[in-house]
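Fold and geometry: a report
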Amino acid sequence: MAGSSANDSAAERIGYITRVQSFSACHRLHSLHLSDGENEKVYGKCNNPYGHGHNYKVEVTVRGKIDRITGMVMNLTDLKRCIEEVIMVPLDHKNLDKDVPYFASVVSTTENLAVYIWDNMVKALPPNLLYEIKIYETDKNIVIYRGE
C-alpha cells in the first residue's frame, strides 16, 4: 500500500520542541571600533553611557527524531536545565557588558546575544539538536539565529 500509516513502525518522525524563558538585563550599545560620536550616531539613545534595560523573551527550539519508546525529541526537564545554566545564571539581572566576559569585546546587540546563547546551548545540549534561538528584545524587535 502506498504511503505510511500511523502504525508504520519504520517511519521516522521529526519533531520540534520550543521552550520559552524570560530574563531581564541591561546593556549599552557601544563599539570599541567606533569613536564616541560614531557610536552615538549609530546607536542613538541605546548608546546612553548609563545603559538601558530589557525584559528579554527567549525561545530555544530543538529539532530531532521522536524517540519511539519515550515519545520525546528530548526530555523537557533536561532542556529546562540547559536553559537555566546557559541563559538564566549568566544573563538574568546582569549588566551584559560588565558581567558577561563575552561582551567585553563584542557589542551587546540582540543579534550578538543570540549568537552567545546559541554557542553556549550547543555545548550544553546533545549533538545536532539545537535548531533555533529566537529573542524578543521588545514586542516589536525580534532576532532569530540558527547557527549560520
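This structure is a prediction, so every number in the text was calculated from the model and none was measured. (Residues numbered from 1 in each chain as written. Predicted model: local features only at pLDDT ≥ 70, side-chain atom pairs only at ≥ 80, totals over all residues. Heavy atoms only, no water.)

1. Overview of the pattern of salt bridges
We apply this condition: What makes a salt bridge here is a side-chain nitrogen of Lys or Arg within 4 Å of a carboxyl oxygen of Asp or Glu, nothing more. For the purposes of this entry, the term helix denotes a DSSP run of H or I that reaches at least four residues, the term strand denotes a run of E that reaches at least two, and both are numbered from the N terminus. Three labels apply to residues, based on accessible area from a 1.4 Å probe with only protein chains included: buried if under 20% of the type maximum, exposed if over 50%, partly exposed otherwise in between.
In this structure the tally under the stated criterion is three salt bridges. The closest approach of N and O atoms between Glu85 and Arg81, which form a salt bridge, is 3.5 Å. Pair noted here: Glu85 and Arg81 are both in helix H2 (residues 76-91), with a separation of four residues, about one helical turn. The exposure class of Glu85 is partly exposed, given its relative accessible area of 44%. Under the relative-accessibility criterion, Arg81 is labelled partly exposed at 41%. With a closest N to O distance of 2.5 Å, Glu132 and Arg146 form a salt bridge. In this pair, Glu132 sits in strand S4 (residues 130-136) while Arg146 sits in the segment after strand S5 (142-145), placing the two residues 14 residues apart along the sequence. Among the residues examined, Arg146 registers a relative accessible area of 40% and is labelled partly exposed.

2. Observations concerning the packing of aromatic side chains
Centre-to-centre distance and the angle between the planes together describe a pair of aromatic rings. For clarity, the cut-off: Stacked, edge-to-face and tilted are the three classes for Phe, Tyr and Trp ring pairs, Trp counted by its six-membered ring, which pair at centre distances within 6.5 Å; planes under 30 degrees apart are stacked, over 60 edge-to-face, the rest tilted. Look at NZ for Lys and CZ for Arg. If either is within 6 Å of the ring centre and within 35 degrees of the ring normal, a charge sits over the ring.
Throughout the structure, instances matching the rule amount to six aromatic pairs. Seen from their ring centres, Tyr102 and Phe103 are 5.0 Å apart, and the 90° between their planes marks the pair as edge-to-face. Taking the relative accessible area as the measure of exposure, Phe103 reaches 4% and is therefore buried. Ring centres of Tyr102 and Tyr116 lie 5.3 Å apart, and the angle between their planes is 50°; on these two criteria the pair is classed as tilted. Placement of Tyr102 in the loop between helix H3 (96-99) and helix H4 (110-124) and of Tyr116 in helix H4 is noted, with a sequence separation of 14 residues between them. For Tyr116, a relative accessible area of 11% gives the class buried. In this structure, Lys57 packs its charged tip against the face of Tyr136, placed 4.4 Å from the ring centre.

3. A look at the UniProt feature "binding site: Zn(2+)" (unreviewed entry) in the protein
This is how it is decided: UniProt positions are given in the numbering used here, feature names are shortened, and annotations may be inferred rather than shown by experiment. Whether two residues are in contact is decided by their heavy atoms, any of which lying within 4.5 Å being enough.
Following the UniProt record, one finds the feature "binding site: Zn(2+)" (unreviewed entry) at His27, His52 and His54. Taken along the chain, the residues just named run across 28 residues; in space they keep tight, none of their C-alpha pairs more than 8.5 Å apart. Secondary-structure assignment places His52 in strand S2 (residues 52-65). Non-local contacts of His52, meaning those with residues more than four positions away in its chain, are made with Ala25, Cys26, His27 and Cys46. Within the secondary structure, His54 sits in strand S2. For His54, a relative accessible area of 12% puts it in the buried group.

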